[in-house]
Amino acid sequence: MTAYLCPPAVIPGENAVETSQILAEVRDRHPDAPWLPRIDSIAAGTGITSRRWMVPLETAVAPAGGSGLRTPGPVPTREALARDGFTEQDVERVIAALEAIPAPQTVEERTAPAWAAVREYGERAARGALQIAGLDPADVDCLITSNSTTPALPGLDVALANRLPLHSDTLLLPATQWACIAGTRCLALAADLVADDPDRVVLVVISEALSTTYQPADDSLESLIVRLLFADTAVAAVVTGRPRPESVLRLDAAWHHTLPGTQDLHRLETRADGTHFVMDRRGPRAVQDTVTAMWEWLRLRHQDDDRPWRPDLLLAHPGGTRVLEYMEQTMPDAWPPGLLAHSRDSYTSGNRGGAAVFDILRRAHDAGQKAGSRTVLYAAAPGLTATAMEGEWL
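Here's what I pulled together on the structure shown here.

1. Some points on the overall build of the protein chain
Thought 1: A count of helical and extended segments in the protein chain gives 13 helices and 14 strands.
Thought 2: For 394 residues, the compact-globule estimate of 2.2 N^0.38 gives 21 Å, and the C-alpha radius of gyration of the protein chain, at 24 Å, lies within 12% of that figure.
Thought 3: Over its C-alpha atoms, taken along the principal directions, the protein chain stretches across nearly 90 × 50 × 35 Å.
Thought 4: Put simply, the protein chain has 394 residues, and 54% of those count as buried.
Thought 5: By sequence separation, contacts in the protein chain at least 24 residues apart represent 81% of the contacts at least 6 residues apart.
Thought 6: With an accessible surface of roughly 17,200 Å², the protein chain has 52% of that area assigned to carbon and sulfur atoms.
Thought 7: Looking at the protein chain, you have 36 positive and 51 negative side-chain charges, and the mean spots of the two groups are 3 Å apart.

Here you go:
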């Protein structure tokens, strides 16, 4: 495998959402939650004071367009009350009271504005990546897209093919369920495609509105943590089989790993009020197992090198600070400190899911890297599954 990566375009959400705003909304909505006295320390533990969303916080917490009488509706309600012996005056009072109750947003009301934003931001990221690479939409031979939070058919791939537009024989490869692993796994797939045909140009676009998992009515502790973690971002980058003047990173090898029996630790569930992200407390420990397996892959890959191998950069999206700490604790002693600096910097403004690795890569690029700097990209996702890539800066 040899592939060349141009600098990614990163388009964060335009709406700044402060942690203090989220805490105020949670206190107002769930005044009796057993975990309420601890929310300040829980929020501080994330290390995130602000994140950016594609839609405003007000959109996520707004009531539905209808009222508490949306289902079954006023007419059936009147008939049922009358059958139960309510007087006409009592029926009117009950109807008025029910109509005054705000109903939670439906799945459509939550996802429709987010899906529109995902397409808009995805297009902006795609155009930005092509401009960075010195290419036009007509130059793209394959488009790989990932979007896990706002399912739709046709998906982001078809939307971008029409919006850019791409030529009609462009290969479209939507990866709709890769979630947090999308950054590394899309690059691995792109590298395989250009290895098969070095003249091929692959455009990767990942656009995630993770704010759709913000569920105001959910009073679980897990839901509070989800409220605090996620950010919305669209990213894109061009991968080619031959070096271009704009290429900054050569990709040399990929590694994939799946832990059996861990499919329930992190998952999306669609309920009446929309998409909920569910986390199990055993998740970070399981993700650590994928890190251990990655260390072993790197050890075996370089065991016959003439001199000891170590990376100069580790651009990792493990999903949280606990696994970042574990990575630092389990690195070989000879490896230099600070390998995860760009990963930590990215995480302070939110968990970007599948867009995270590209955001981290962009931060590393903007900081300036020496040619030959050895780099490892890593991400883990619900499943639990992980993908890593190794390469060098050009």
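2. What to know about the environment of S50
Thought 1: By the element assignment, S50 lies in strand β4 (residues 50-53).
Thought 2: For the pair formed by S50 and H317, sequence separation is 267 residues and the distance between their alpha carbons is 18 Å.
Thought 3: Apart from residues lying up to four places away in sequence, S50 is in contact with A16, V17, E18, T19, T348, S349 and G350.
Thought 4: One polar contact links S50 to E18, side chain to side chain, over a distance of 3.2 Å.

3. Considerations on the layout of surface pockets
Thought 1: Estimated volume of the largest pocket: approximately 740 Å³.
Thought 2: As for the largest pocket, its lining consists of 30 residues, and the residues nearest its centre are I225, L229, M279, P284 and R322.
Thought 3: Among the elements of the structure, α2 (39-46), α9 (221-229), β11 (274-279), α10 (283-301), α11 (321-330) and β13 (374-381) are those that each provide at least two residues to the lining of the largest pocket.
Thought 4: Here the element with the most residues in the lining of the largest pocket is α9; it accounts for four residues.

4. A few points about the packing of helix α1 (residues 19-29) against α9
Thought 1: Where α1 meets α9, the closest approach of the two axes is 10 Å, and the angle between their N-to-C directions is 150°. When the axis of α1 is compared with that of α9, the two are roughly antiparallel. Like other packed secondary-structure pairs, α1 and α9 cross with a definite hand, here right-handed. Note on element contacts: α9 touches α1 through L224, R227 and L228, opposite T19, I22, L23, E25 and V26.
Thought 2: Class assignment for the residues of the contact of α1 with α9 results in five nonpolar, one polar and two charged.

5. What to know about empty space enclosed by the protein
Thought 1: One pass over the full model with this rule turns up two cavities of 30 Å³ or more.
Thought 2: Of the voids in this model, the largest cavity is the one considered here, and its volume is about 80 Å³.
Thought 3: In this structure, the largest cavity is lined by 14 residues; those nearest its centre are A316, H317, S343, Y347 and I360.
Thought 4: Breaking the lining of the largest cavity down by element, the ones donating at least two residues are β12 (313-317), α12 (341-347) and α13 (356-367).

6. Brief notes about the pattern of salt bridges
Thought 1: Tallying each qualifying case throughout the model produces 21 salt bridges.
Thought 2: As a salt-bridge pair, R310 and D312 come within 3.3 Å of each other at their nearest N and O atoms.
Thought 3: Since its relative accessible area comes to 27%, D312 is described here as partly exposed.
Thought 4: Between D366 and R362 there is a salt bridge, with the nearest N and O atoms lying 3.0 Å from each other. Linking D366 with R362, this pair stays in helix α13, spanning four residues, or about one helical turn.
Thought 5: Its relative accessible area of 22% is what places R362 among the partly exposed residues.
Thought 6: Salt bridges here are not isolated pairs; linked through shared partners, they connect D345, R352, D359 and R363.

7. Let's talk about helix α6 (residues 107-133)
Thought 1: In a regular helix each residue adds 1.5 Å, so 27 residues correspond to 39 Å; α6 covers 38 Å between its end C-alpha atoms and thus fits that length.
Thought 2: G134, located one to two residues past α6, shows a positive phi value of around 70°.

8. Re the pairing of strand β14 (residues 385-393)
Thought 1: The element β14 is extensively covered by neighbouring structure, given that eight of its nine residues are classed as buried.
Thought 2: Bridging between strand β9 (residues 249-258) and β14 involves nine bridges; their strand directions are antiparallel. Bridging across to β14, A254 finds its partner in M389.
Thought 3: The pairing of β13 with β14 spans eight bridges and is antiparallel.

9. Considerations on the packing of aromatic side chains
Thought 1: This model, assessed by the stated rule, comprises four aromatic pairs.
Thought 2: Look at W53 and Y214: their rings are 5.4 Å apart centre to centre, the planes differ by 70°, and that puts the pair in the edge-to-face class. Taken as a pair, W53 in strand β4 and Y214 in the loop between β7 (201-208) and α9 lie far apart in primary sequence, 161 residues in all. Of the two residues examined, W53 and Y214, each falls in the buried class.
Thought 3: Here the aromatic rings of W255 and W297 are separated by 6.1 Å at their centres, their planes lie at 25°, and the arrangement is stacked. With a gap of 42 residues between them, W255 in strand β9 and W297 in helix α10 connect regions that are remote in the sequence.

Rules used in this analysis
- Each chain carries its own residue numbering, running from 1 in the written order of its sequence.
- Local features in this predicted model are restricted to residues of pLDDT 70 or higher, and side-chain atom pairs are both shown and tallied only at a pLDDT of 80 or more, whereas totals for entire chains, interfaces and linings draw on every residue.
- For the side-chain quantities, the full set of heavy atoms in the structure was used; hydrogens and water were omitted.
- Elements are defined by DSSP. Helices are runs of H or I of four residues or more, strands are runs of E of two residues or more, and each kind is numbered from the N terminus.
- Atoms considered for the radius of gyration are the C-alpha atoms alone. The globule rule reads 2.2 Å times the number of residues to the power 0.38.
- Each residue's exposure class comes from its accessible area (1.4 Å probe, protein chains only) as a fraction of the maximum for that residue type: buried when under 20%, exposed when over 50%, partly exposed otherwise.
- Throughout, a residue-residue contact means that at least one pair of heavy atoms, one from each residue, lies within 4.5 Å.
- Calculation of accessible area relied on Shrake-Rupley with a 1.4 Å probe; when residues are assessed, cover is drawn exclusively from the protein chains displayed.
- The charged-residue count follows a simple rule in which Lys and Arg add positive charge and Asp and Glu add negative charge, with His and chain termini not counted at all.
- Positions of charges follow a simple convention, taking NZ of Lys, CZ of Arg, CG of Asp or CD of Glu.
- Under this definition, polar contacts are N or O atom pairs within 3.5 Å; protein pairs additionally need one hydrogen-donor-capable and one acceptor-capable atom, and for neighbouring residues in sequence, both atoms have to be side-chain atoms.
- Definitions used for this entry: grid spacing 1 Å over protein atoms alone; cavity, a set of points where a 1.4 Å probe fits but cannot get out; pocket, an open set with protein on both sides within 12 Å along at least 5 of 7 lines; lining residue, one with an atom within 4 Å of a point.
- Grid points are joined across faces, edges and corners, and a volume is the space filled by probe spheres set on the points.
- With axes taken as lines fitted to C-alpha atoms, and helix axes fitted only over the stretch in contact, angles between N-to-C directions fall between 0 and 180 degrees.
- Here the word oblique covers every angle except those under 35 degrees (roughly parallel), over 145 (roughly antiparallel) and from 65 to 115 (roughly perpendicular).
- Handedness of a crossing is defined here by the sense of rotation of the near helix relative to the far one, left-handed for an anticlockwise turn of less than a right angle and right-handed for a clockwise turn.
- Think of it as three bins: nonpolar holds Ala, Val, Leu, Ile, Met, Phe, Trp, Tyr, Cys and Pro, charged holds Asp, Glu, Lys and Arg, and polar takes everything else, Gly as well.
- Each reported salt bridge corresponds to a side-chain nitrogen of Lys or Arg within 4 Å of a carboxyl oxygen of Asp or Glu.
- Given a helix with a known number of residues, its expected span is that number minus one, times 1.5 Å.
- Pairing between two strands is assigned when DSSP locates at least 2 bridges connecting them.
- Within 6.5 Å between ring centres, the rings of Phe, Tyr and Trp (the latter by its six-membered ring) count as paired, and their orientation is classed by plane angle as stacked under 30 degrees, edge-to-face over 60, tilted in between.

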